[in-house]
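# Residue-level structural notes
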Amino acid sequence: MTEVTAPKASLSGSEFAGEIRSKLKYQLGVDESSAKASDVYVAVASAVRDHLSDSWMRTRAEMVQGNTKAVGYLSAEFLIGRQLSNALLNVGLDEQFALAMKELGFDQDEVIAAEAEPGLGNGGLGRLAACYVDSLASLGVPAFGYGIRYRYGIFRQEFDKAGRQVEKPDYWLTQEEPWGHVDYHRSQRVGFGGTVQEHDGAKVWEPAWSVRAVPVDYPVPGYESGRVNTLRLWESRSYDEFDLSAFNDSDYMGAVVPQVEAENITKILYPEDSTPQGKRLRLEQQYFFVAASIHDAIATFYPGQEHPDLRTFPEKICFQLNDTHPVIGIPELMRVLLDEYGYDWDTAWDITTRTFNYTCHTLLPEALEVWSAQLIGELLPRHLQIIDRIDAQFVEGLENKGLDGERIDRMRILTRDGNPQVRMAFLATVGGLHVNGVAELHSQLLRDVTLKDFSDVFPERFTNVTNGVTPRRFVRLANPRLSALISEGLGTDRWMSDLERLQGLAPLADDASFVERFAEVKRANKRDFSVFAQQRYGFEVDPGTMFDSMVKRLHEYKRQSLKILAVIAQYAAIKDGTAGDMLPRTVFFGAKAAPGYAMAKLTIRLINNVARVIDADPDVAGRLQVRFPENYNIELAEHLIPATELDEQISQAGKEASGTGNMKFALNGALTVGTLDGANVEIRERVGAENFFLFGLEVEDVDRLYAEGYDPLSYVQADPRLRKAVDMVAGGVFSEGDRDVYASLVSDWLTKDYFMTMADFTAYMDIQQEVEDAYRDQARWNRSAILNVANSGYFSSDRSIKDYLERIWHTSPSPSSI
Ligand SMILES: *Cc1c(COP(=O)(O)O)cnc(C)c1O
């Protein structure tokens, strides 16, 4: 008997159907018989929101009155995905929903699919923020997510006839959006530009213009916790809604200009993942949401107080900086304390440094954000003064410690050369209590390489919190079949809030009937995916082949090139009759490239054309297929991951900070082929080396090769399969004979190959042979897959949040909610 512990709303399916009916009639004004799926979606979401209201209000009141320190998770991205099925599950209305849909005669999958996916993030970093707010609410931690409500999220990706990526605007707000609640009363004013004046020795910033930050609040219902936290996403509006004087001069268009300019700030998400451009609007966005959030936190925790004692601020809330995007919050809090509340420098610095903590998400030097001091001075003149003083004080401290000048220059927050720059990662490290990396290896490399100077001076600041993913969305909702089997195997569904319980499945890996049922779950998920792919993308997928997936942003360090070169080599082997009895596979790619990233976009084009050439070749006869569905997003992840058998995590060692895709796959019973990089290291340790396909150079090998002078050509010459694959690309096999199309890609492979794809190719081909051998022994494969599931409970974002609570935030769940 399965023990069911989720608090179910005390409501029958019929009663819920009645609520939906009245929403349709009174809120949407549509007749039940003519209601479309999108109408029903809005009606159901509105009904669910009503059910959340009481808990939401109670949670807010308790947060302000309670004595538990809250967490403010500051993130420029929250890739939350569709909300309805998650809310139904967490609030305990999922069964009633199914019954109500049956009673009303609507297709529940269609209703769920009618929700537009809010694409308010690029990839892993934004998804992590979404998993963390889910876990914070589920664990009963008082918390806000603070971010930006972009009008256009990450672009929608399409492919043109030549296989190139085309970016289409993602206007996700065309239909009614029932989740966001606009709260005008909590608006904040955010200033920009202008000058700093001195009045009686006090500095006063007089901005040249200001915009209104309006919060749009999204409920974040915890699973089993009865708690509903708030994700507060700010939208920019104008104060001068309509400039009357301009209007009176009959300049109607001119009269709306300020409004249009103000609204531009939150209009669009920058589509760069890992390589930020130092654009003015981006800095405006960063300051906009962080300034609004800091003022909001003060207004929340000191309601109605004109002279709050902000020395207690760090006991009320701590801010987690999700990467460097919100780091401008450090000088902003200083400015507020100094100029608005009159604290002296030392007090303000003490409060500020006890309030912030910083999560670093990268090792790539080009991803460490740097702003020109000139730009900061133009947009935020007072902040530049404060940064200058923080830097001066920091340097003085380093001098007192006896550090040499060269090292001090390396560590400066504000460089002092001809074109001074502000290094945001350094500011974050100096202006907060803790710095964490996102996997063991990454945190180690931060200490040893990226932030070594800082780690030497402040070793106690550095710690690790390995990323995690929410099991509610990525197991329970994405993979209902596996979830039911797990609950049955464990005799409980408590694993959803205590994921280490999956350990209990390990003995079942040797139970033949369980193994067979596990295999049937995977087969059924593969069949489902084939149907979905046919309907959504119009392509055939053979569920009888092995499903091998590489889905993530397209970046050279992630090495989609390695995978496609291996596919090409395999294709060549089929053509020249040396492939033997190779295992039939379908290779899935999913990846968006930043619109300005030429090499990444060319790789997309190559993958599409390899897929096309292979498909058109009768010699291949179903042994190898490449499928590249457009627009990789959360929805596609939720469909593809449960159907995948082999997961590709093949980044160059030392470049992927953690990865979270790898965790989602392991939890859904895929085996990983991967390098010793990011969280792969920890996944392998936990699931067992014999259940993980490890290959490739390690961090030390990579460093040694760089030092020796890396020569990709020598690797190409040494492996005929690689030489052949590169020749095919260069020779126009995938560009209708045109040798120019991929020339820049080929030239990079042969002469630079910074991420050492060529050096890892042979090892990668060898490990794929091992994959084939393992897969042929289905009993062994399934046993390994079950052990992957059983041993991946550690990768729950609930565990990550507990680590943050213990190592960084030093707070605990709110007593009344646990
Ligand atoms: C999990 C996820 C990512 C992160 O994938 P990595 O493989 O860790 O880079 C990116 N995009 C989407 C839609 C995801 O769900």
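Computed from a prediction, not measured in an experiment: that's the story for all the values here.

Thresholds applied
Residues numbered from 1 in each chain as written. Predicted model: local features only at pLDDT ≥ 70, side-chain atom pairs only at ≥ 80, totals over all residues. Heavy atoms only, no water. Domains from an automatic or database assignment. Contact = heavy atoms within 4.5 Å. Buried area = accessible area lost by both parts, 1.4 Å probe. Salt bridge = Lys/Arg side-chain N within 4 Å of Asp/Glu carboxyl O. Polar contact = N/O pair within 3.5 Å; in protein donor to acceptor, adjacent residues only side chain to side chain. Helix = DSSP H or I, 4+ residues; strand = E, 2+ residues; numbered from the N terminus. Nonpolar A, V, L, I, M, F, W, Y, C, P; charged D, E, K, R; others polar. Near = heavy atom within 4 Å. Areas by Shrake-Rupley, 256 points an atom, 1.4 Å probe, with all protein chains shown as cover. Buried < 20%, exposed > 50% of the residue type's maximum accessible area, 1.4 Å probe, protein only. Pairing = 2+ DSSP bridges. Axes fitted to C-alpha atoms, helices over the stretch in contact; angles between N-to-C directions. Core = buried A, V, L, I, M, F, W, Y, C linked by side-chain atoms within 4.5 Å. pLDDT = per-residue confidence, 0-100.

Once that is clear, we can look at the domain arrangement of the protein. In terms of domain boundaries, the protein breaks down into domain 1 (1–65 + 82–116), domain 2 (66–81 + 117–466 + 802–817) and domain 3 (471–687 + 698–795). Counting residues at the interface gives 43 residues for domain 2 and 45 residues for domain 3. A combined buried area of about 3,400 Å² lies between domain 2 and domain 3, and 56% of that area is made up of carbon and sulfur atoms. The tally of links from domain 2 across to domain 3 stands at two salt bridges. Glu167 serves as the salt-bridge partner of Lys601, at 2.7 Å between the closest nitrogen and oxygen. Linking domain 2 with domain 3 are 21 residue pairs in polar contact (both at pLDDT 80 or more). Within the residue set of the side of domain 2 that touches domain 3, elements represented by two or more residues are helix H6 (124–138), strand E3 (156–159), strand E4 (165–168) and helix H18 (440–450). Classifying every residue of the side of domain 2 that touches domain 3 by side-chain character gives 16 nonpolar, 14 polar and 13 charged.

Around the ligand lies a shell of 13 residues, among which Lys552, Lys558, Thr660, Gly661 and Lys664 are the nearest. At a separation of 2.8 Å, an oxygen atom of the ligand approaches a polar backbone atom of Thr660. The separation between an oxygen atom of the ligand and a polar main-chain atom of Gly661 is 3.0 Å. Summarising the interface, the protein chains cover 95% of the accessible area of the ligand, which totals 390 Å² for the free molecule.

Our next topic: unusual backbone geometry. It is generally the case that most residues other than glycine have a negative phi and that most peptide bonds are trans. Backbone geometry places Arg559, a non-glycine residue, at a positive phi of 70°. Inspection of the secondary structure puts Arg559 in the loop between strand E17 (546–551) and helix H23 (560–575). Positioned with a positive phi, Glu736 is a non-glycine residue whose angle comes to about 50°. Position of Glu736 relative to the elements: it lies in the loop between helix H30 (720–730) and helix H31 (743–751). By relative accessible area, which is 83% here, Glu736 ends up exposed.

Further remarks concern the sheet that holds E17. Ordered by their spatial adjacency, six strands build an open sheet running E19-E18-E17-E20-E21-E22, and the pairing between neighbours is parallel. Strands at the two margins of the open sheet, each flanked by one partner only, are strand E19 (624–627) and strand E22 (693–694). Two elements, strand E20 (residues 646–649) and strand E21 (residues 671–674), share four bridges in a ladder whose sense is parallel. Residue Glu648 lies in a different strand from E21, and its bridge partner there is Val673. Contacts from H23 reach E17, strand E18 (585–590), E19 and E20, with the element oriented near 155° to E18.

Quick look at the nonpolar core now. Core analysis: the largest hydrophobic core is formed by 149 residues, its most contacted members being Phe16, Val44, Val48, Leu84 and Phe313. In this structure, this core is formed jointly by two domains, domain 1 (1–65 + 82–116) and domain 2 (66–81 + 117–466 + 802–817), each of which donates at least three residues. Non-local contacts of Phe16, meaning those with residues more than four positions away in its chain, are made with Leu11, Val44, Ala47, Val48, His51, Leu88, Leu93, Gln96, Phe97 and Ala100. Listed in part, the 105 residues of the second largest apolar core include Ile568, Phe628, Ala759 and Phe761.

Looking at the element boundaries, Ser784 is found in helix H33 (residues 778–790). Setting aside its immediate chain neighbours within four residues, Ser784 contacts Leu671, Glu690 and Asn691.

Our focus in this paragraph is the confidence of the model for the protein. Of the residues in the protein, 96% reach a pLDDT of 70 or more, and the chain-wide mean stands at 95. Counting contacts from residues 1–7, a segment whose pLDDT is below 50, to residues more than four positions away or on other chains yields 19 contacts.

Our next topic: the pattern of salt bridges. Within this structure, the stated rule accounts for 62 salt bridges. For Arg237, the salt bridge is made with Glu235, and the minimal N-O distance between the two is 2.9 Å. Overall, the relative accessible area of 18% leaves Arg237 in the buried class. For Glu516, the salt bridge is made with Arg523, and the minimal N-O distance between the two is 2.6 Å. With a relative accessible area of 42%, Glu516 lands in the partly exposed category. By relative accessible area, Arg523 is classed as partly exposed at 35%. One connected set of salt bridges, linked through shared partners, spans Arg149, Arg151, Glu177, Glu235 and Arg237.

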